[in-house]
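Observations on the model geometry
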Amino acid sequence: MIAFVSGPVAALGPELAVVEVGGVGMAVLCTPATLAGLRVGEPARLATSLVVREDSLTLYGFADDDERSTFELLQTASGVGPRLAQAMLAVHSPDALRAAVAGGDEKALTAVPGIGKKGAQKLLIELKDRLGAPTGGAGAARVGAPVSLSWRDQLHVALVGLGYATREADEAVGAAAPEAEAVVAEGGTPDVGALLRTALRSLNRR
C-alpha cells in the first residue's frame, strides 16, 4: 500500500494532482478543496489510498491521515465506492461526517451528490458504529451547512490553485454560475467538482 506521496507538484487538473516522487509522476485523485491547497512547483505531502481493480490502479489523495482513514471507512458501507466516498469528503470534513452519522443527520448526507433520502437512511445505520464519535473540531460545525452558500469561494480558490489569474478565475466562476444557480433553485447543492469542470471548459474555449 502507498501510504503517502511527497514531492513537488508537477501538474494540477480538475480532479487530480501529479506529484513527482523519485523522478516518477504519481497521478493522485483529490477533492477540489485539497487541490486548491496545492501549487505547481511547490512541495506537497498527500496521504493516499490505493484502490485496486481488475483493470486499474487508482491513487486517491487527502490533506491528512484523518481524511484517508474516513475515506476507507466509508467504503465499508454497502453501495459506497471510492468515488462516492470522495464526494462525501468533498462536501463534509471527516468530523462533520462523524457528527452527521452520530446525530442521525439525514439532511447532511443528502447534500452529497449521488446520495438520496433512502441511501442516506441506510448509510446512517451502517456507519453508526464505524466512523466513531466526532472529536469536536471545527469541522463538526459544518454539518448540515448549505454548501451552496460558499460554492463561489470554493470554486474561485480551486481555480487560483490551478494557476489561473484572479481575473480569469472571476470570469470562469461567472460562466459556471448558471449551472450552480439552477441546482440551488431546485433545492439541491452545487457539486463543486462539476462546476470546476464547467469553469475550466469556459477557460479552454478562450
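Everything here concerns the structure above.
An account of the accompanying structure is given in this report. Every value quoted in this text rests on a predicted model; they were computed, and no experiment measured them.

**Quick word on the packing of helix α2 (residues 65-74) against helix α3 (residues 82-91)**
- Contact geometry of α2 with α3 gives a least axis separation of 9 Å together with a crossing angle of 135°. The angle between the axes of α2 and α3 places the two elements in the oblique class. Crossing angle aside, the handedness with which α2 passes α3 is right-handed. Judged by residue contacts, E67, T70, F71 and L74 of α2 engage P82, A85, Q86, M88 and L89 from α3.

**Observations regarding the packing of aromatic side chains**
- For the structure shown, the criterion picks out 2 aromatic pairs.
- Here the aromatic rings of Y60 and F71 are separated by 5.1 Å at their centres, their planes lie at 35°, and the arrangement is tilted. Of this pair, Y60 sits in strand β5 (residues 56-62) while F71 sits in helix α2, and the two are 11 residues apart along the sequence.
- Arranged with centres 4.7 Å apart and planes meeting at 45°, the rings of F62 and F71 form a pair that is tilted. The same class applies to F62 as to F71, namely buried.
- Cluster of aromatic residues (ring-pair linked, three or more members): Y60, F62 and F71.
- When the ring centre of F4 is taken as reference, the NZ or CZ atom of R45 above it lies at 3.9 Å.

**Quick word on the pattern of salt bridges**
- The final tally for this structure, using the stated rule, is 8 salt bridges.
- A salt bridge links D65 to R68; the nearest nitrogen and oxygen atoms lie 3.4 Å apart. With a gap of 3 residues between them, D65 and R68 both fall in helix α2, about one helical turn apart.
- We classify D65 as partly exposed; its relative accessible area is 42%.
- Here R98 ties to D95 by a salt bridge, and the two come within 3.2 Å at their closest N and O atoms. Here D95 and R98 lie together in helix α4 (residues 94-102), a separation of 3 residues that amounts to about one turn.

Rules of the game
Residues numbered from 1 in each chain as written. Predicted model: local features only at pLDDT ≥ 70, side-chain atom pairs only at ≥ 80, totals over all residues. Heavy atoms only, no water. Axes fitted to C-alpha atoms, helices over the stretch in contact; angles between N-to-C directions. Helix = DSSP H or I, 4+ residues; strand = E, 2+ residues; numbered from the N terminus. Parallel < 35°, antiparallel > 145°, perpendicular 65-115°, else oblique. Left-handed = near helix turned anticlockwise from the far one by under 90°. Contact = heavy atoms within 4.5 Å. Phe/Tyr/Trp six-rings, centres within 6.5 Å; stacked < 30°, edge-to-face > 60°. Buried < 20%, exposed > 50% of the residue type's maximum accessible area, 1.4 Å probe, protein only. Lys NZ or Arg CZ within 6 Å of the ring centre and 35° of its normal. Salt bridge = Lys/Arg side-chain N within 4 Å of Asp/Glu carboxyl O.

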